[in-house]
Amino acid sequence: MSLLPTATISTIAHHNGEIVTLAGWVVHKTEKGKLIFIRLRDGSGVIQCVVFRNNVTEATFAAAQQLTIESSCRITGAVRADARAPGGFELDVNAIEIIQIAPEYPIQPKEHGVEFLMEHRHLWIRSSKQHALLRIRAEIIAAAQEWLNDQGFVRFDTPILTPCAAEGTTNLFATPYFDLGTAYLGQTGQLYVEAGMMSFGKVYCFGPTFRAEKSKTRRHLTEFWMIEPEVAFALHDDNLALQERFVSAIVQRVLERRADDLATLERDTKPLERCVPPFPRITYDEALKLIAERHTDVEGCTPLEWGEDLGAPHETLIASLFDRPVFVERFPSAIKAFYMEPDPQRPEVALCADLLAPEGYGEIIGGSQRIHDPALLERRIREYGLNVDDYQWYIDLRRYGSVPHSGFGMGIERATAWIAGTHHIRETIPFPRMLYRMYP
Ligand code: 4AD
Ligand code: MG
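Keep in mind that what you see is a predicted model, and the values were worked out from it rather than measured. Residue indices begin from 1 for each chain and proceed along its sequence in written order. Just so you know, chain letters begin at A and ligand numbers begin at 1, following the order they were written in. pLDDT decides what is reported in this predicted model: residues at 70 or higher carry local features, side-chain atom pairs at 80 or more are listed and counted, and totals for whole chains, interfaces and linings draw on all residues regardless. Only hydrogens and water are set aside; all other atoms, that is, all heavy atoms of the structure, feed into the side-chain values.

**Focus: the overall build of the protein**
On a plain count of helices and strands, the protein comes out with 13 helices and 18 strands. Its C-alpha atoms put the protein at 85 × 55 × 40 Å along the principal axes. Summarising the internal contacts of the protein: among those between residues at least 6 apart in sequence, 66% fall at separations of at least 24. Total accessible area computed for the protein in this model is approximately 20,600 Å², and 53% of it derives from carbon and sulfur atoms. Between the centroid of the 46 positive side chains of the protein and the centroid of its 58 negative side chains there is a distance of 5 Å. Numbered from the N terminus, helices here are DSSP runs of H or I no shorter than four residues, and strands are runs of E no shorter than two. Throughout, a residue-residue contact means that at least one pair of heavy atoms, one from each residue, lies within 4.5 Å. Surface exposure here means Shrake-Rupley accessible area, sampled with a 1.4 Å probe, where a residue is shielded only by the protein chains that are shown. Under the convention used here, Asp and Glu are negative, Lys and Arg are positive, and both His and the chain ends fall outside the count. Think of each charge as sitting on NZ of Lys, CZ of Arg, CG of Asp or CD of Glu.

Set out below in C-alpha cells:
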C-alpha cells in the first residue's frame, strides 16, 4: 500500500500514452456541462486533468465536483500530448481519490497586500511566483556548493552559538548560556572556517547567520544564509578571481537549469548572460569620485567624505555604471572588520572588496585578505575594543604555521534577489526574519 504517485508532472513526457497516477493539490477548477477541468500541481509542475462524464463512474464525477482549491487528491488517467496545453500534455481522467477537501482557501486569485501574504507565508509559498523564487534559491545553493566541491574545497561546518563577536558588536543576538555567561548567534562562520582552512587548505562553511539589524530595508534580514569560502596562500587578487568565477558559474547554471522559473518571474535574462569574468574593479577612492560626479542620478545619493561607508543609493549608482557585477576594493580599514589585512602600500585601507550586483541589488559579497601576523592581529583586536582573551584561539592560527589567506561570504538571499530579479529580499527565503516579523 502506498499513496505515492507513479509519475511526476515535470517528467510526464516520458509517459505519453500511459496510464499514470499523480498526487497533488488543486490549483484551479472549471466545470463546463459534462466536462470538468482540474489544474493539478504536484510540486514539480502543473497539468490540466480533464474529467469527461461519459468516461468515468458517477462516483468519480462526483469526486471531481467536490474538489476545491488546494484540496489534496490522487488522480489516475491517460497521458495525452496536446500542443495547446501548457506543458504540452493533459491527463484524461479515469479515477479520482480524494485525500482531503480543503475549506475556502485564504489566498484568492486577486491582489492581496504584502502584509496579508507575509502573515500567510506558510501558504503563500505554494503560489507560482514564490515557488519559482524558492526553486531558484535552491539551485543557487546547490550550484554554489557543487562548484566549490568540484574545485577541491571541503565543506567545514562552523558553530552558531559562539562566545564572541566577529562582525561588529552592535548587531549581536545574545542568549544566556548555562554557567558560561552569554552566547551570541554567529554573525559569520568566518573565524572558525579560517581554522578549517589551516587544516584543509580550501574550505567553505554554509549556514544561517544572524544580525540584529535595526534597519528596515529591502536588503536586510536578521537571519540570512551565507556561504563562505576560505583559501590558504590566496592573496587579495586571487580572492577576487575566485569570486568572479564562482558567481559566474552560479548564474550560468541557474540560466541553464531554471529557465522556466526565470520565465515565470518574467526575469530579463540578458543582464545575467553578460555575467562572465572579468568583472570590473574600482577602488573605494574611485567610487567616491564617481559619486561626487554623478550623485544626482540616483535619488537619495549624496557625496561622501573619505572614511564614510557606501549606502544603498551609492551602491545603486556605482552598479548602474557597469554591465556586470563590479568590485569596489580597498575600503578604509576603519569602516571594515578588525581581521582585514592592511594594504602594504597604504595601510589606512584594507585589502578587501565588496561585490555589487547590477540593476540596483546592492552588495552580494563581502570579502578580504586576512591579517596573518599575530602581533598585528592582536593589536587590531584591542583597537576595536574587543577582549583579546576571547580571541586567543583565533590568534593561535597565526602562531602555528601562519600563512597569508583570503576568503569571502556571499549572502544567499541577496544573490537570489538579484538573480531572480525580485525587489525585496523577504521573498527569497521560505520564512523571513525581520525587525517587525517573526510569524509564521
Ligand atoms: O559583508 P559581510 O558582513 O561579510 C562577512 O560576514 C564576512 N565575514 C564574510 C567573509 O569574508 N567570510 O556579509 C557578507 C554578505 C553580504 O555581502 C550580504 O550578501 C550578506 O552577507 N549579508 C546580509 N544578507 C541579508 N541580510 C543581512 N542583514 C546581511 N548582512 C550581510
Ligand atoms: Mg559587507
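The discussion continues.
**So, the domain arrangement of the protein**
Entries for the protein in the domain assignment read domain 1 (9–100) and domain 2 (121–428). Throughout, the edges of the domains are those of an automatic or database domain assignment. For domain 1 versus domain 2, the separation of C-alpha centres amounts to 46 Å.

**Focus: unusual backbone geometry**
As a rule of thumb, non-glycine residues mostly have phi less than zero, and peptide bonds are mostly trans rather than cis. P277 connects to P278 through a cis peptide bond whose omega is 0°. Mapped onto the elements of the fold, P278 is located in the loop between α8 (270–273) and β12 (281–283). At the junction of Y439 and P440, the peptide bond is cis and its omega measures out at -5° in the coordinates. Inspection of the secondary structure puts P440 in the segment after α13 (412–420). Phi at F233 is positive, roughly 70°, even though this residue is not glycine. Considering the arrangement of structural elements, one finds F233 in the loop between β11 (223–232) and α6 (236–257).

**Considering the pattern of salt bridges**
When the charged atoms of two side chains lie near each other, side chains of opposite charge can form a pair. The working definition used for a salt bridge is a side-chain nitrogen of Lys or Arg within 4 Å of a carboxyl oxygen of Asp or Glu. Inspection of the entire model under this criterion finds 32 salt bridges. The salt bridge partner of R253 is E146, with a shortest N-O separation of 2.7 Å. Pair noted here: R253 is in helix α6 and E146 is in helix α4 (residues 128–150), with a separation of 107 residues, a long-range link. Only protein chains enter the accessibility calculation, which uses a 1.4 Å probe; a residue whose area is less than 20% of its type maximum is buried, one above 50% is exposed, and one in between is partly exposed. A residue is classified by how much of its surface remains accessible, and R253, at 13% relative accessible area, is buried. Note on E146: relative accessible area 39%, which makes it partly exposed. D396 is the partner of R399 in a salt bridge, and the nearest nitrogen-oxygen pair spans 2.9 Å.

**Re the packing of helix α9 (residues 284–294) against helix α10 (residues 312–320)**
Packing of α9 against α10 brings their axes to within 10 Å, and their N-to-C directions diverge by 95°. The pairing of α9 with α10 is recorded here as roughly perpendicular in orientation. Seen from α9, the contacting residues are A287, L290, I291 and R294; seen from α10, they are H314, L317 and I318. Its residues assigned to classes, the contact of α9 with α10 shows five nonpolar, one polar and one charged. In this analysis, axes come from line fits to C-alpha atoms, helices being fitted only over the stretch in contact, and the angle between any two N-to-C directions falls in the range 0 to 180 degrees. Relative orientations are named as follows: roughly parallel for angles under 35 degrees, roughly antiparallel for angles over 145 degrees, roughly perpendicular for angles from 65 to 115 degrees, and oblique for any other angle. Polar here means any residue outside two lists: the nonpolar Ala, Val, Leu, Ile, Met, Phe, Trp, Tyr, Cys and Pro, and the charged Asp, Glu, Lys and Arg; Gly therefore counts as polar.

**Some words on the pairing of strand β16 (residues 352–357)**
Counting buried positions along β16 gives six out of six residues, so the element sits mostly inside the fold. On β16, burial covers both faces: C352, D354 and L356 on one face and A353, L355 and A357 on the other are all buried. Two strands make a pair as long as DSSP finds a minimum of two bridges between them. As paired strands, strand β13 (residues 326–329) and β16 are joined by four bridges and run antiparallel to one another. What sits directly across from V326, in β16, is L356. Where β16 and strand β17 (residues 362–370) come together, six bridges link them in antiparallel fashion. Opposite L355, over in β17, you have I365 as the bridge partner.

**Quick notes on the sheet that holds strand β9 (residues 182–185)**
The three strands are arranged β7-β9-β8 in an open sheet whose pairing can be described as antiparallel. Only two strands of the sheet have a single neighbouring strand rather than two, namely β7 (161–162) and β8 (174–176). Pairing of β8 with β9, which is carried by three bridges, proceeds in the antiparallel orientation. Along β9, the bridge assignment pairs A174 with Y184.

**Brief notes about the pairing of strand β1 (residues 19–32)**
Here β1 runs beside strand β4 (residues 72–81); their pairing, made up of seven bridges, is antiparallel. By the bridge assignment, L22 is partnered in β4 with I75. Linking β1 back to strand β2 (residues 35–41) in an antiparallel pair, the connection comprises two residues, with G33 at a positive phi of about 60°.

**Things to note about the site of ligand 1**
Residues are labelled near a given molecule or strand when at least one of their non-hydrogen atoms is within 4 Å of it. The full set close to ligand 1 counts 24 residues, and E167, Q190, R211, E228 and E363 are the nearest of them. Take L221: an N or O atom from its main chain is 2.9 Å from a nitrogen atom of ligand 1. Its free accessible area being 630 Å², ligand 1 has 94% of it covered by the protein chains. According to the grid-proximity analysis, the pocket containing ligand 1 is the second largest pocket. If you list the elements that add at least two residues to the shell around ligand 1, you get β11, β17 and β18 (405–411). Looking at which element gives the most residues to the shell around ligand 1, the answer is β17, with six residues. Residues that form the shell around ligand 1 fall into these classes: eight nonpolar, eight polar and eight charged. Definition of a polar contact: a pair of N or O atoms within 3.5 Å, with one able to donate and the other able to accept a hydrogen when the atoms are protein atoms, and with sequence-neighbouring residues admitted only if both atoms are side-chain atoms. The pocket and cavity definitions rest on a 1 Å grid over protein atoms only: a 1.4 Å probe that fits but cannot leave marks a cavity, an open set with protein on both sides within 12 Å along at least five of seven lines marks a pocket, and residues lining either have an atom within 4 Å of a point. Each molecule is checked against the cavity or pocket grid, and it sits inside if more than half of its atoms lie within 2 Å of the grid points.

**Some words on the packing of aromatic side chains**
Each pair of aromatic rings taken from Phe, Tyr and Trp, with Trp reduced to its six-membered ring, is defined by centres within 6.5 Å and is described as stacked if the planes are under 30 degrees apart, edge-to-face if over 60, and tilted in the remaining cases. One pass over the structure, following the stated rule, counts 14 aromatic pairs. An angle of 65° between the planes, with centres 5.9 Å apart, marks the rings of W147 and F246 as edge-to-face. In this pair, W147 sits in helix α4 while F246 sits in helix α6, placing the two residues 99 residues apart along the sequence. The class of W147 is buried, set by a relative accessible area of 14%. For F246, a relative accessible area of 0% corresponds to the buried category. Ring centres of Y284 and F331 lie 5.4 Å apart, and the angle between their planes is 45°; this geometry places the pair in the tilted category. Here the residue Y284 occupies a position in helix α9, and F331 occupies one in the loop between β13 and β14 (342–343), the gap between them amounting to 47 residues. What makes Y284 buried here is its relative accessible area of 0%. Under the relative-accessibility criterion, F331 is labelled buried at 1%. These aromatic residues form a ring-pair network of at least three members: Y192, F338, Y339, Y384, Y391, W393 and Y394. Our definition puts a charge over a ring when NZ of Lys or CZ of Arg is within 6 Å of the ring centre and also within 35 degrees of the ring normal. Sitting over the face of the ring of Y394, R398 holds its NZ or CZ atom 4.2 Å from the ring centroid.

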